[in-house]
There are 2 protein chains.
Amino acid sequence: MVRKSTSKETARKPNMREAILAAAEELFATNGFNAVSVRDIAHAAGANPGSVTYHFKTKDGLLLEIYRRHCGPMNLRRSELLAAARRVRDLQDRLEAVVRAYVVPAFTSGSDLAGGGARFTRLRAVMSAEGNEVARKIIAQTFDDTSHAFIDAVHESLPHIPRADIVWRSHFLLGALYYSLVTPDRVSRLSRGEADGSDAASAIEQLVQATVAAFQAPALDQAAPARRRPAVSSKT
Amino acid sequence: MVRKSTSKETARKPNMREAILAAAEELFATNGFNAVSVRDIAHAAGANPGSVTYHFKTKDGLLLEIYRRHCGPMNLRRSELLAAARRVRDLQDRLEAVVRAYVVPAFTSGSDLAGGGARFTRLRAVMSAEGNEVARKIIAQTFDDTSHAFIDAVHESLPHIPRADIVWRSHFLLGALYYSLVTPDRVSRLSRGEADGSDAASAIEQLVQATVAAFQAPALDQAAPARRRPAVSSKT
DNA sequence: ATGCAATTTGTACTATCGTACAAAAGATCA
DNA sequence: TGATCTTTTGTACGATAGTACAAATTGCAT
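What comes next is a walk through the structure.

Calculation rules
Residues numbered from 1 in each chain as written. Chains lettered and ligands numbered in written order. Predicted model: local features only at pLDDT ≥ 70, side-chain atom pairs only at ≥ 80, totals over all residues. Heavy atoms only, no water. Helix = DSSP H or I, 4+ residues; strand = E, 2+ residues; numbered from the N terminus. Buried < 20%, exposed > 50% of the residue type's maximum accessible area, 1.4 Å probe, protein only. Areas by Shrake-Rupley, 256 points an atom, 1.4 Å probe, with all protein chains shown as cover. Contact = heavy atoms within 4.5 Å. Buried area = accessible area lost by both parts, 1.4 Å probe. Salt bridge = Lys/Arg side-chain N within 4 Å of Asp/Glu carboxyl O. Polar contact = N/O pair within 3.5 Å; in protein donor to acceptor, adjacent residues only side chain to side chain. Near = heavy atom within 4 Å. Nonpolar A, V, L, I, M, F, W, Y, C, P; charged D, E, K, R; others polar. Least-squares fit on C-alpha atoms with pLDDT ≥ 70 in both. Arc of directions from axis to C-beta. Phe/Tyr/Trp six-rings, centres within 6.5 Å; stacked < 30°, edge-to-face > 60°. Lys NZ or Arg CZ within 6 Å of the ring centre and 35° of its normal.

## As for the overall build of chain A
When helices and strands are tallied, chain A shows 10 helices and zero strands. Secondary structure of chain A in N-to-C order comes out as α-α-α-α-α-α-α-α-α-α. Burial statistics for chain A: of 236 residues in total, 53% are counted as buried. Within the structure as shown, chain A displays about 11100 Å² of accessible surface, and the carbon and sulfur contribution to it stands at 53%.

So, in structure tokens, the structure goes:
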């Protein structure tokens, strides 16, 4: 194949479609859907506004395509890791492996899409916060299966914990995961430089450790504010 | 100046300013900042678009005023509860009280503002996700003191845990808290009706329980070498 | 009632939004 | 090469955005 470049290095355009998708991902993930205009995206991608319409018809269509590209690979990776985690014999180790199978694909690249894992997860976090309709539909029908599989796997390792409690705690996990990707600078700031919020490896380890402990907490067998039962040492 | 507030009917339109603030809060918290127009807000408040300009000058000014009204009372309530929590003698109980002091004001009304606690927290979550500039400035200069006080209080109860770890875990707490307010329906859906995601009391108890356990997890540097970690491929 | 300041209304201006569409440019192959 | 299809460009249109501003209205002290 003969490449004729060396003229413009402003992001070679062998595939303008990809450039638009990448630019849109980044802009949506950092500024939200409505704050970003089609012209912003086109400019960031070095493309013409009309080109966005040509490839994706509408702005919603562009968002839809971003989801379509990532959901498959990420869910595939998750179920592979989850299947491997289920085969871990030690119960304690298995729980950690299960949590890791859920967390790692969200932070790292799922396939050949360059560094797209964390970016796409951040995008999902922002769309979720904005109550984006396009995203809501895709999420419910694409990720609920994965979430149920994850919850079931956790429940297998912790059969004495009610399923509802596990749902709550896995919900907290997703919230923590999202927030870590949305405002990593807050970690750096509050730790006064002792921790780097944008270091994916640290975030994963911290999140896995904290989440495993949270899952292992005693169950809330009563919704009543009648304090805890003496599961762990209590005072008087 | 003599204020004449004899009428008990405070519902109709004695204060259009308040109605606009409440409507803006609700709309921003559910749809994001950019998705809501000044006309939307005015319509929801039963006011004229020009009235918004009159009271708050700009759309940013409106958001600023929302923050101004809530930050004070919420932080006051938090420091009161935190001070009370610090006086709990039993270390285990104290940790739970400290976490509760952080969580409860975020879910419940902080002052006379009707049911505004959860709504304002949801608003903060959405603004954080959108990377809103107005919100970012206020947050950093208003909530960092409270966050540091909270982190210090947790550290007092868990002196053997490195401060950086506590920062991470309290960051996870805030993320979980935000997400619980942003998409409570997900909890109901994934639990197949066994749990009600929009029940504030349940959310608080579940979050407190899970978070206390997460804080009590062993520190990362002592946990890592001791145990064999399940193999999981991760890239940068 | 009368006057005055505070508030609400109605409207208009400019900027920018998403999107459509025709023309230009590039690619592909008989 | 010329024909045909794909992609990019440039421009335009209607809708809606934030905001300004004058006129109309209201609330209160006199």
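## Brief notes about the interface of chain B and chain A
Accessible area lost upon the coming together of the parts is a frequently used measure of interface size. At the junction of the two partners, chain B supplies 66 residues and chain A supplies 70 residues. Between chain B and chain A, roughly 6400 Å² of surface is buried when both sides are summed, and carbon and sulfur atoms account for 59% of that area. By the criterion of area lost to chain A, the three top residues of chain B are W168, H171 and Q206 of chain B, representing 12% of everything that side buries. Inspection of the region where chain B meets chain A yields two salt bridges. For D144 of chain A, the salt bridge is made with R189 of chain B, and the minimal N-O distance between the two is 2.7 Å. Our count for the contact surface shared by chain B and chain A stands at 14 residue pairs in polar contact (both at pLDDT 80 or more).

## With respect to unusual backbone geometry
All names here are of chain A. The backbone of R192 shows a phi angle near 55°, a positive value even though the residue is not glycine. Topologically, R192 is positioned in the loop between α9 (184–190) and α10 (200–215). With relative accessibility at 55%, the residue R192 sits in the exposed group.

## Digging into the protein's contact with DNA strand D
Close to DNA strand D lie 16 residues; Y54 and H55 of chain A together with V38, R39 and K59 of chain B are nearest. Taking the atoms of DNA strand D that fall within 4 Å of the protein, sugar and phosphate contribute 57% of them. One of the side-chain nitrogen or oxygen atoms of Y54 of chain A is found 2.7 Å away from a phosphate oxygen of DNA strand D. In the model, a base nitrogen of DNA strand D is placed 2.8 Å from a nitrogen or oxygen of the R39 of chain B side chain. Counting only elements with at least two residues in the surface near DNA strand D, the list comes to α3 (49–56) of chain A together with α2 (38–45) of chain B. Each residue belonging to the surface near DNA strand D can be placed in one class, and the counts come to four nonpolar, seven polar and five charged.

## What to know about the protein's contact with DNA strand C
The environment of DNA strand C is made up of 16 residues, and the closest members are V38, R39 and K59 of chain A together with Y54 and H55 of chain B. Backbone atoms, meaning sugar and phosphate, form 57% of the atoms of DNA strand C found within 4 Å of the protein. Measuring from a phosphate oxygen of DNA strand C, one finds a backbone N or O atom of V38 of chain A at 2.8 Å. R39 of chain B places a side-chain nitrogen or oxygen 3.4 Å from a base nitrogen of DNA strand C.

## Comments concerning the relation of the copies chain B and chain A
The relation between the two chain copies is a rotation about an axis coupled with a shift along that axis. Of the transformation placing chain B onto chain A, the axial shift is 0.0 Å and the rotation is 180°, giving an RMSD of 0.1 Å. Expressed as a symmetry operation, the mapping of one chain copy onto the other fits a two-fold axis. By residue overlap, the copies meet face to face through one surface: 94% of the interface positions of chain B are interface positions in chain A.

## Quick look at α3 of chain A
All names here are of chain A. Buried within α3 we find S51, V52 and F56. Each buried residue of α3 sits inside an arc of 105° when the element is viewed along its axis, so together they form one side. On its buried face, α3 sits against α1 (16–31), α2 (38–45) and α4 (59–86). The N-cap of α3, judged by a side-chain oxygen 2.9 Å from the amide nitrogen of G50 a few residues on, is N48. After α3 finishes, the residue K57 shows a positive phi value of roughly 65°.

## Details of the packing of aromatic side chains
Enumeration over the complete set of coordinates arrives at 12 aromatic pairs over all chains. For the pair Y178 of chain A and Y179 of chain B, a centre-to-centre distance of 5.3 Å together with 85° between the ring planes defines the contact as edge-to-face. Separated into two different chains, Y178 of chain A in helix α8 (residues 163–182) and Y179 of chain B in helix α8 (residues 163–182) make up a pair that spans both. Its relative accessible area of 6% is what places Y178 of chain A among the buried residues. Ring centres of Y67 of chain B and F120 of chain B lie 5.3 Å apart, and the angle between their planes is 75°; on these two criteria the pair is classed as edge-to-face. Taken as a pair, Y67 of chain B in helix α4 (residues 59–86) and F120 of chain B in helix α6 (residues 116–130) lie far apart in primary sequence, 53 residues in all. Taken together, Y102, F150 and F215 of chain A form an aromatic cluster joined through their ring pairs. For the cation-ring pair, R124 of chain A lies above F143 of chain A, with the distance from its terminal atom to the ring centre recorded as 4.0 Å. Above the face of the F33 of chain B ring, K59 of chain B is positioned so that its terminal group lies 4.4 Å from the ring centre.

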